Amino acid sequence: DGIMYDNTAPNDIITVYDGSVTNDDAVYCKNSSQITANWPTSVDNESGIKRYFVSIKDGFDNPVVSDVNIGLVLSTTIINLSLTEGVTYKTGVYAENNLGLTSTIKWSNGMIVDVSSPVSPGYVYDGLSGDAGYSSLTNTLSANWGLGYDASGIKQYWYSISTTSIVNSPKLVDWTTVYMPTQVSTFVTVTGLTLQSGVTYYFNVMTEDYAGYQSST
């Protein structure tokens, strides 16, 4: 019945995507005990693809998991890991054909582990500089605040305005983003308000990191 001749390795995998969404590359890993990756199929026109192998390394090229046989699936989640916050981890995949020849391992560009909320701004002051106690304006309020912190970086700040210092109280201005494309702003001026004489107004500010976590206020 003949024999198949195959002396060529499978095609290298074009791209390995971090995360669980097919053909979409995640930047942040929100779980410190597992990593997920997906990839398009490799091709071997002679003997066909038999299985894929997956490895994981950190951003310093230290191996975490090596050569895990996952069969013919095109995505996998490797569990029971001990990943470090703020460290980048990369997933590598290679294919093996039915004669045992293998492609070159293809590595993802990596995900940064971020499993914690960012640090809130150290202070929130009324006014654009210092900490104002009074305002003569009837339709405008301003505030400035200190920098938050997170391992993945600060994406933006959110502010709200209320008439009490209780965080979950009704808001004069509901939570609104303060985002500038070229820098993260640490001040805001809100116009178009209707302010009442003798009433104290409070700014609340929270931090959001690039992984989507938000701080307390």
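To be clear, the structure that these remarks concern was listed above.
Residues numbered from 1 in each chain as written. Predicted model: local features only at pLDDT ≥ 70, side-chain atom pairs only at ≥ 80, totals over all residues. Heavy atoms only, no water.

Asks: How do you make sense of the overall build of the protein chain when you look at a structure like this?
Replies: Helix and strand counts for the protein chain stand at 0 helices and 15 strands. Taking 217 residues into account, the globule formula puts the C-alpha radius of gyration at 17 Å, and the protein chain, at 26 Å, lies well above it. Its C-alpha atoms give the protein chain principal-axis dimensions of about 95 × 30 × 30 Å. The proportion of buried residues among the 217 residues of the protein chain is 40%. Of all intrachain contacts in the protein chain linking residues separated by at least 6 positions in sequence, the fraction that spans at least 24 positions is 66%. As displayed, the protein chain offers around 12,000 Å² of accessible surface, 50% of which is attributable to carbon and sulfur atoms. (Helix = DSSP H or I, 4+ residues; strand = E, 2+ residues; numbered from the N terminus. Rg over C-alpha atoms; globule rule 2.2 N^0.38 Å. Buried < 20%, exposed > 50% of the residue type's maximum accessible area, 1.4 Å probe, protein only. Contact = heavy atoms within 4.5 Å. Areas by Shrake-Rupley, 256 points an atom, 1.4 Å probe, with all protein chains shown as cover.)

Asks: Which parts of the structure should I look at to understand unusual backbone geometry?
Replies: Leaving glycine aside, a negative phi is the common case for residues, and trans is the common case for peptide bonds. Residues other than glycine seldom take positive phi values, yet Asn23 does so here, at roughly 60°. Examined against the element boundaries, Asn23 turns out to sit in the loop between strand 1 (17-18) and strand 2 (28-29). Here the phi dihedral of Asp67 falls at roughly 50°; this positive angle occurs in a residue that is not glycine.

Asks: Before we go on, may I ask you to explain the sheet that holds strand 6 (residues 75-78) in this structure?
Replies: Pairing between the strands of a sheet is mediated by backbone hydrogen bonds and can be parallel or antiparallel. Reading across the sheet, the 3 strands line up as 1-3-6 and stay open at both edges, with antiparallel pairing between neighbours. The outermost strands of the open sheet, each flanked by one partner alone, are strand 1 and strand 6. In this structure, strand 1 lies alongside strand 3 (residues 35-38), joined through 2 bridges in antiparallel fashion. Residue pairing across strands places Tyr17 opposite Asn38, the latter belonging to strand 3. (Pairing = 2+ DSSP bridges.)

Asks: Explanation requested: the pairing of strand 4 (residues 49-58) in the structure shown.
Replies: In the case of a regular strand, side chains alternate between the two sheet surfaces. Across the 10 residues that make up strand 4, a large majority, 8, are buried. In this structure, strand 4 lies alongside strand 7 (residues 88-97), joined through 9 bridges in antiparallel fashion. Considered in strand 7, the bridge of Lys57 is made with Lys90. Turn length for the strand 4-strand 5 (residues 63-71) hairpin, with the two strands adjacent in sequence and antiparallel, is 4 residues, and the turn residue Asp61 shows positive phi of about 70°.

Asks: Help me understand the pattern of salt bridges in this model?
Replies: Any two side chains of opposite charge can pair, given that their charged atoms come close. A full pass over the atoms with the stated rule returns 2 salt bridges. Arg51 is the salt-bridge partner of Glu96, the closest N and O atoms lying 2.5 Å from each other. Linking Glu96 in strand 7 with Arg51 in strand 4, this pair joins segments that are 45 residues apart in sequence. With relative accessibility at 24%, the residue Arg51 sits in the partly exposed group. One salt bridge in this structure joins Asp61 and Lys57, with 3.0 Å as the shortest N-O distance. (Salt bridge = Lys/Arg side-chain N within 4 Å of Asp/Glu carboxyl O.)

Asks: What is the right way to read the packing of aromatic side chains from this model?
Replies: Inspection of the entire model under this criterion finds 5 aromatic pairs. Between the aromatic rings of Tyr159 and Phe203, the centroid separation amounts to 6.1 Å while the plane-to-plane angle is 45°, which identifies the pairing as tilted. Taken together, the positions of Tyr159 in strand 12 (residues 154-162) and Phe203 in strand 15 (residues 202-209) put the pair 44 residues apart, joining distant regions of the chain. Phe203 carries the same exposure label as Tyr159, and that label is buried. The side chain of Lys30 reaches across the aromatic face of Tyr213, ending 5.3 Å from its centre. The lysine or arginine in question, Lys57, covers the ring of Trp107, its NZ or CZ lying 4.3 Å from the ring centre. (Phe/Tyr/Trp six-rings, centres within 6.5 Å; stacked < 30°, edge-to-face > 60°. Lys NZ or Arg CZ within 6 Å of the ring centre and 35° of its normal.)

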